[in-house]
Amino acid sequence: MKNLKTSYARSLIEASLDPLVTISAEGKIMDVNSATEKVTGVPRQQLIGSDFSTYFTDPQKARDGYRLAFSQGKVTDYPLAICHTSGQITEVMYNASVYRDDKGDVAGIFAAARDVTALKKAQTELEAAILHMQLIREMTDLLQSCQKMDEAYPIIKAALVRLFADSVGGLYMLDAASNSLVLADAWGCGESELEAVFTPDECWGMRRGCIHMARVGQSINPVCSHVKPGTSPYLCIPLLAHSRALGLIYIEHRFTSGHPEDIQRELSIAEAAADSARLALANLSLREELHELSIRDPLTGLFNRRFLEEVLDRELLRMSRCGKMLAVAMVDIDHFKIFNDNYGHDAGDEVLKKTAQLMNGFREGSDMVCRFGGEEFVVVTTEIQPDKILQRLDALRVAIESLSLKFGNHQLPQVTVSIGVAIYPVHGGNRLDLLTRADQALYVAKEAGRNRLVVADEEADPG
Ligand SMILES: Nc1nc2c(ncn2[C@@H]2O[C@H](COP(=O)(O)OP(=O)(O)OP(=O)(O)O)[C@@H](O)[C@H]2O)c(=O)[nH]1
């Protein structure tokens, strides 16, 4: 009968998929089931009689739990990690209670472990997913407040660095003029480690218009030619808005594992981040295009009067803070009406364009040239030394005088300009005063015979 009971108890213990163990009062293993052999990788004969704590990643914590069970009579859901001889770790929760001998004294502990590795992994993944979503939301919020593309790049970069920890990557923007992707920002490496410029054709992600992942597991995806040899698995995330290419995010990433579901998760994160970045960049590029249109004169491509007024106010404030001087020069083409009257309006336009081109080439540093209206231009130069700027402006006048312009088969007459100059703070402290004084000086130049430069009179009143 006793044998029957023992055999019944053994069958029950062996039937359990959870590791079960009895431990003596001295901390030696007295009995185990086969689930314990499996989780430790150690055969039963070797386990029995050995110190129970040595099979855990943290033996001290295991001994503390054992003592707790001894003093309290039991412990529930005590977290430990069992280390297999292969190095594989199994996260477990222990439930243990004391057992007593015939006299009622505590003889040892009976402990049952529950494998919570999958649960823990799911928990970690959930926490990571929440963190990722928070980061992407934060990035989206910040991107919505950006006013320029340049402000958006560091935000996208910061989010990607955190989303793909330990990654190497780069943000490329498409330069429409040269049809090339230009590295705007890089992380996790020196910029020289990434290709600085390449064409969209060299990237499979750009060609396919979707995320391209290569060098991952068994993937047959081809490696893009912009990727340097010997790099880790990588992702190319094209930034396309309304099927217009804006740029590319390149991420060289140590994927958490080669498991398909892990790879799929990383792809989803990349897609969510790219969606947000794509929308924000599309809005910003549209806004920049509109802004550019609103500040340029369509005929000459120079800045327009509206932009001049905005910049001049800003620059005057800057000059007053740093105590430097600024020059406003009004440049007006002499007898411009003759070009229109004698050669037609298109010839007049040609003269305006060529003069504007020459003036644009004359710029140095932060000089700004704008078309003020009609045949009148304004040059603003900051942080000047008056003598030098007057010399440069007169050199501009001479250069215009030397222009040789043709329209169709006609050689056009010589183009000359008159220039009126006002200097901050000598001739005025604000935009209106300076423009008025420059205009008055221009009038004097015209009256004096044109094709000359006149500086505003220090004594005169702008009013
Ligand atoms: N072709 C062309 N002509 C323009 C444009 N804007 C203004 N004009 C013309 O420019 C001429 C300016 O002439 P005026 O202001 O009389 O002066 P001017 O002939 O330059 O003579 P001064 O300034 O006195 O030397 C006018 O005939 C305008 O119609 C433009 O965009 N294209």
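Above this text sits the structure in question.
Residues numbered from 1 in each chain as written. Predicted model: local features only at pLDDT ≥ 70, side-chain atom pairs only at ≥ 80, totals over all residues. Heavy atoms only, no water.

## Considering the pairing of strand β11 (residues 244-252)
Where we set the bar: Burial classes follow relative accessibility: with a 1.4 Å probe on protein chains only, a residue under 20% of its type's maximum area counts as buried, one over 50% as exposed, and anything between as partly exposed. Each helix corresponds to a stretch of at least 4 residues labelled H or I by DSSP, and each strand to a stretch of at least 2 residues labelled E; elements are numbered beginning at the N terminus. A pair of strands counts as paired when DSSP detects no fewer than two bridges linking them.
Summarising burial for β11: seven of the nine residues are buried, a large majority. The pairing of strand β6 (residues 168-175) with β11 spans six bridges and is classified as antiparallel. By the bridge assignment for β11, Leu-171 is matched with Ile-249.

## Examining the nonpolar core
Note the following rule: Side-chain atoms within 4.5 Å link the members of a nonpolar core, which is a set of buried Ala, Val, Leu, Ile, Met, Phe, Trp, Tyr and Cys residues.
Among the nonpolar cores identified, the biggest contains 38 residues, and Leu-235, Ile-249 and Leu-281 are the most heavily contacted of them. Among the elements of the structure, α5 (117-144), α6 (149-163), β6, β10 (234-241), β11 and α8 (260-295) are those that each provide at least two residues to this core. In terms of residue count, the dominant contributor to this core is α8 (11 residues). Counting 28 residues, the second-largest nonpolar core is a separate cluster that includes Ala-327, Val-379, Ile-384 and Ile-419.

## Quick notes on the site of the ligand
To keep things clear, this is the line we draw: Near, as used in this document, describes a residue that has one of its heavy atoms within 4 Å of the molecule or strand being considered. Here a polar contact is taken to be a pair of N or O atoms separated by no more than 3.5 Å, where protein atoms must pair a possible hydrogen donor with a possible acceptor and residues adjacent in sequence count only if both atoms sit in side chains. For every accessible area listed, the method is Shrake-Rupley and the probe measures 1.4 Å; residues are considered covered only by the protein chains on display. Each residue is assigned to one of three groups, with Ala, Val, Leu, Ile, Met, Phe, Trp, Tyr, Cys and Pro labelled nonpolar, Asp, Glu, Lys and Arg labelled charged, and all others, Gly among them, labelled polar.
Around the ligand there are 16 residues in total, and His-335, Lys-337, Asn-340, Asp-349 and Arg-371 lie nearest to it. The contact in question runs from a nitrogen atom of the ligand to an N or O atom on the backbone of His-345, over 3.1 Å. At a separation of 2.9 Å, an oxygen atom of the ligand approaches a polar side-chain atom of Lys-446. For the ligand, whose unbound accessible area comes to 670 Å², protein coverage reaches 66%. With four residues, the top contributor of residues to the shell around the ligand is helix α11 (residues 345-362). Looking at side-chain class alone, the shell around the ligand contains three nonpolar, five polar and eight charged residues.

## A word on the pattern of salt bridges
Should their charged atoms come close, side chains of opposite charge can pair. In plain terms, the rule: Take a side-chain nitrogen of Lys or Arg and a carboxyl oxygen of Asp or Glu: if they are within 4 Å of each other, that pair is a salt bridge.
By the definition in use, this model includes 26 salt bridges. Residue Asp-332 is joined to Lys-446 by a salt bridge in which the shortest nitrogen-to-oxygen separation is 2.6 Å. Pair noted here: Asp-332 is in strand β12 (residues 326-333) and Lys-446 is in helix α13 (residues 431-447), with a separation of 114 residues, a long-range link. On the basis of relative accessibility, which here comes to 15%, the residue Lys-446 falls in the buried class. In this structure, a network of salt bridges that share partners links the residues Arg-10, Glu-14, Asp-31, Glu-37 and Arg-44.

## Some points on the environment of Ser-24
Short version of the rule: Residue contacts are counted whenever heavy atoms from the two residues lie within 4.5 Å of one another.
Secondary-structure assignment places Ser-24 in strand β1 (residues 20-24). Residue Ser-24 is classed as buried on the basis of its relative accessible area of 8%. Between the alpha carbons of Ser-24 and Val-106 there is a distance of 9.3 Å; along the sequence they are 82 residues apart. Not counting residues within four places of it along the chain, the set of residues in contact with Ser-24 comprises Met-30, Tyr-66, Ala-107 and Gly-108.

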